[in-house]
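Spelled out from the first residue to the last, the chains are:
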Amino acid sequence: MARVGLVVVSHSRALADAAVALARQMLPGRETAIEVAAGAADQGLGTDATAVAAAVASVDSGDGVVVLMDLGSAVLSAEMALEFLDDEARSRVVLSPAPLVEGLVGAAVVAAGGASREDVAAEAMRGLAPKQAQLGEAG
Amino acid sequence: MADGLDLSALESWIREFARLVADRRDELTELDSAIGDADHGANMDRGMSAVVTALEATPPTDPAALLKQVGMTLVSKVGGASGPLYGTLFLRMAGVAGDGTLDAETWARALRAGLDGVVARGKAEPGDKTMVDALGPACDALDAAVAEGASLGEALRRSAAAAAQGRDGTVPMLARKGRASYLGERSVGHQDPGATSATLLVDAAVTALAPAGG
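Residues numbered from 1 in each chain as written. Chains lettered and ligands numbered in written order. Predicted model: local features only at pLDDT ≥ 70, side-chain atom pairs only at ≥ 80, totals over all residues.

If you look chain B up in an unreviewed UniProt entry, it shows as Dihydroxyacetone kinase DhaL subunit from Geodermatophilus ruber.

Quick reminder of the rule: UniProt positions are given in the numbering used here, feature names are shortened, and annotations may be inferred rather than shown by experiment.
The name an unreviewed UniProt entry gives chain A is phosphoenolpyruvate--glycerone phosphotransferase, with Geodermatophilus ruber as the organism. In the Catalytic activity (unreviewed entry) part of its UniProt record, chain A is described as follows: "dihydroxyacetone + phosphoenolpyruvate = dihydroxyacetone phosphate + pyruvate". The record held by UniProt for chain A lists under Subunit (unreviewed entry) the comment "Homodimer. The dihydroxyacetone kinase complex is composed of a homodimer of DhaM, a homodimer of DhaK and the subunit DhaL."

### Points about the packing of helix H1 (residues 7–23) of chain B against helix H3 (residues 40–57) of chain B
Residue and element names in this part refer to chain B. What counts is decided by this rule: Structural elements are reduced to axes, namely lines fitted to C-alpha atoms, with helices fitted over the stretch in contact, and the angle between N-to-C directions of any two is expressed from 0 to 180 degrees. Helix numbers and strand numbers start at the N terminus; a helix is a DSSP run of H or I with at least 4 residues, a strand a run of E with at least 2. Here a crossing is taken to be left-handed if its near helix is turned anticlockwise relative to the far helix by less than a right angle, and right-handed if that turn runs clockwise. Contact definition: two residues whose C-beta atoms, as placed from backbone geometry, lie within 7 Å.
It is at 9 Å that the axes of H1 and H3 come closest, and there the two elements cross at 145°. When you trace H1 past H3, the crossing you get is left-handed. Along the contact surface, H1 presents Glu11, Ile14, Arg15, Phe17, Ala18, Val21 and Ala22, while H3 presents Met44, Asp45, Met48, Ser49, Val51, Val52 and Leu55.

### Description of unusual backbone geometry
All names here are of chain B. The phi torsion at Ala38 lies on the positive side, around 60°, for a residue other than glycine. For Ala38, the location among the structural elements is in the loop between helix H2 (25–35) and H3. One non-glycine residue, Lys129, lies in the positive phi region at around 70°. Here Lys129 shows up in the loop between helix H6 (104–122) and helix H7 (132–147).

### Comments concerning the interface of chain B and chain A
Quick note on the threshold: Residues are grouped as follows: nonpolar covers Ala, Val, Leu, Ile, Met, Phe, Trp, Tyr, Cys and Pro; charged covers Asp, Glu, Lys and Arg; every other residue, Gly included, is treated as polar.
The partner chain A presents 16 residues to the 16 residues of chain B that form the contact. For the side of chain B that touches chain A, the element with the most residues is helix H5 (residues 82–97) of chain B, which contributes 5 residues. Looking at the side of chain B that touches chain A, its residues break down into 4 nonpolar, 8 polar and 4 charged.

### A few points about the packing of helix H2 (residues 49–59) of chain A against helix H3 (residues 73–83) of chain A
Residue and element names in this part refer to chain A. So the rule is basically this: Each angle receives one of four descriptions, namely roughly parallel if under 35 degrees, roughly antiparallel if over 145, roughly perpendicular if within 65 to 115, and oblique otherwise.
In the contact formed by H2 and H3, the axes pass within 8 Å of each other and the chain directions differ by 60°. As summarised for this structure, H2 and H3 are arranged oblique, according to the angle between their axes. Along this stretch, H2 crosses H3, giving a crossing that reads as right-handed. Along the contact surface, H2 presents Ala49, Val52, Ala53 and Val56, while H3 presents Ser77, Ala78, Met80 and Ala81. Each residue belonging to the contact of H2 with H3 can be placed in one class, and the counts come to 7 nonpolar, 1 polar and no charged.

### Here we look at the nonpolar core
How we decide: Note on terminology: a nonpolar core is any set of buried Ala, Val, Leu, Ile, Met, Phe, Trp, Tyr and Cys residues joined through C-beta atoms within 7 Å. With C-beta atoms placed from the backbone, a residue counts as buried when 20 or more other C-beta atoms lie within 10 Å of its own, as exposed when 12 or fewer do, and as partly exposed for counts between those limits.
Core analysis: the biggest nonpolar cluster contains 107 residues, and Leu6, Val7, Val52 and Leu68 of chain A have the highest contact counts within it. Per element, the largest residue contribution to this core is 10 residues, and it comes from helix H9 (residues 193–209) of chain B.

### Quick look at the pairing of strand E1 (residues 5–10) of chain A
Residues and elements named next belong to chain A. To keep things clear, this is the line we draw: Here a strand pair is declared whenever DSSP counts at least two bridges between the two strands. If you view a crossover with the strands going away from you and the path from the first strand over the helix to the second runs clockwise, you call it right-handed.
Within E1, 6 of the 6 residues are buried, which leaves it mostly tucked inside the rest of the structure. Both E1 and strand E3 (residues 65–69) contribute to a ladder of 5 bridges, which runs parallel. Along E3, the bridge assignment pairs Gly5 with Val65. Relative to strand E2 (residues 34–38), E1 is paired through 5 bridges, and the arrangement is parallel. Within E2, the residue paired with Ser10 across the bridge is Ala38. Assessed by its sense of winding, the connection that carries the chain from E1 through helix H1 (residues 13–24) to E2 is right-handed.

### Some remarks on the environment of Gly98 of chain B
Topologically, Gly98 of chain B is positioned in the loop between H5 and H6. Separated by 33 residues in sequence, Gly98 of chain B and Ala65 of chain B have C-alpha atoms that sit 8.5 Å apart.

### A short note on the UniProt feature "domain: DhaL" (unreviewed entry) in chain B
Mapped onto this numbering, the UniProt entry gives "domain: DhaL" (unreviewed entry) at residues 8–207 of chain B. Secondary structure content for residues 8–207 of chain B is 72% helix and 0% strand, while the C-alpha to C-alpha distance between its ends is 14 Å.

### A few points about the sheet that holds strand E4 (residues 93–95) of chain A
All names here are of chain A. In spatial order, the strands read E2-E1-E3-E4; together these 4 strands make up an open sheet with parallel pairing. The sheet is open, and its two edges are formed by E2 and E4, each paired on a single side. The average angle at which neighbouring strand axes cross in this sheet is 20°, direction not considered. In terms of strand pairing, E3 meets E4 through 3 bridges, oriented parallel. Each residue of the ladder has a partner; that of Val66, found in E4, is Val94. Packing against the sheet, H1 makes contact with E1 and E2, and its axis sits at approximately 165° to E2.

Listed below in structure tokens is the structure:
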């Protein structure tokens, strides 16, 4: 069964760890590789493209990786990380423009179910739909 | 000094940039606190300090290796968007620099390759109030000086003057990239921190590489 890995890129280690904890709550008894690349070299806020590349490599079992990120340099670092991978590994990575928390929860659920990386990325992009539906009805 | 940049001259350039960044750290952060996340000075200083430490620990053996080492160190140590942006600049310069001395023409091509890398990475265009607004004019001035057959020293001085003018030109601009873009109209009237540090990079080349009258 395919098992797509997930990487969370954030300025904040605490933010990334909490988002992963929220996502793992949806996966009782199921394994999904989720790695975090977050925070600056001095433990402050920031991102590191070499750490993103290492995280991607660590969760890629051959079925690919979907990367979720917060804003600004997280996006630039994720894009730059692709340069540090070989062509084959790079072709298995999807950088998702999905919202970090909602996207990660959706992606984790379908990744644990054995979906392809395209399906995992598509599910991440649908992450805002429940919120939009709820607030749309309310407003 | 010969009309070219060898490994030792390029190292001087990098060290001078690190010195300028440390010297102007508070100013860069102050500019960034007006329109960004108030970390540009601290981030660049942390990155360039790490670069200098890495130079001491593992001295590079040719210009391409030096520029690659600088780029990779910035990528992993800066933390903010300047990491991938300056990292890309130096890595692309490394791709042009080769293993010998750079003449004015090669220097111009290397800096242009760096600028193109920054543009591709950050998707910024001229006028977006970014480092591109200082580096673009610097590259144009270099190309013009090379075309006229100016000496390396003269070419570097002209590129630094053009960068400073470009930096000053960011004041009235509306930010369209990075954190500053969240501010919209409130970004107008402030000098861009990235254009300011990029001008220091070009200034450092003049100080470190072009002796008076060279």
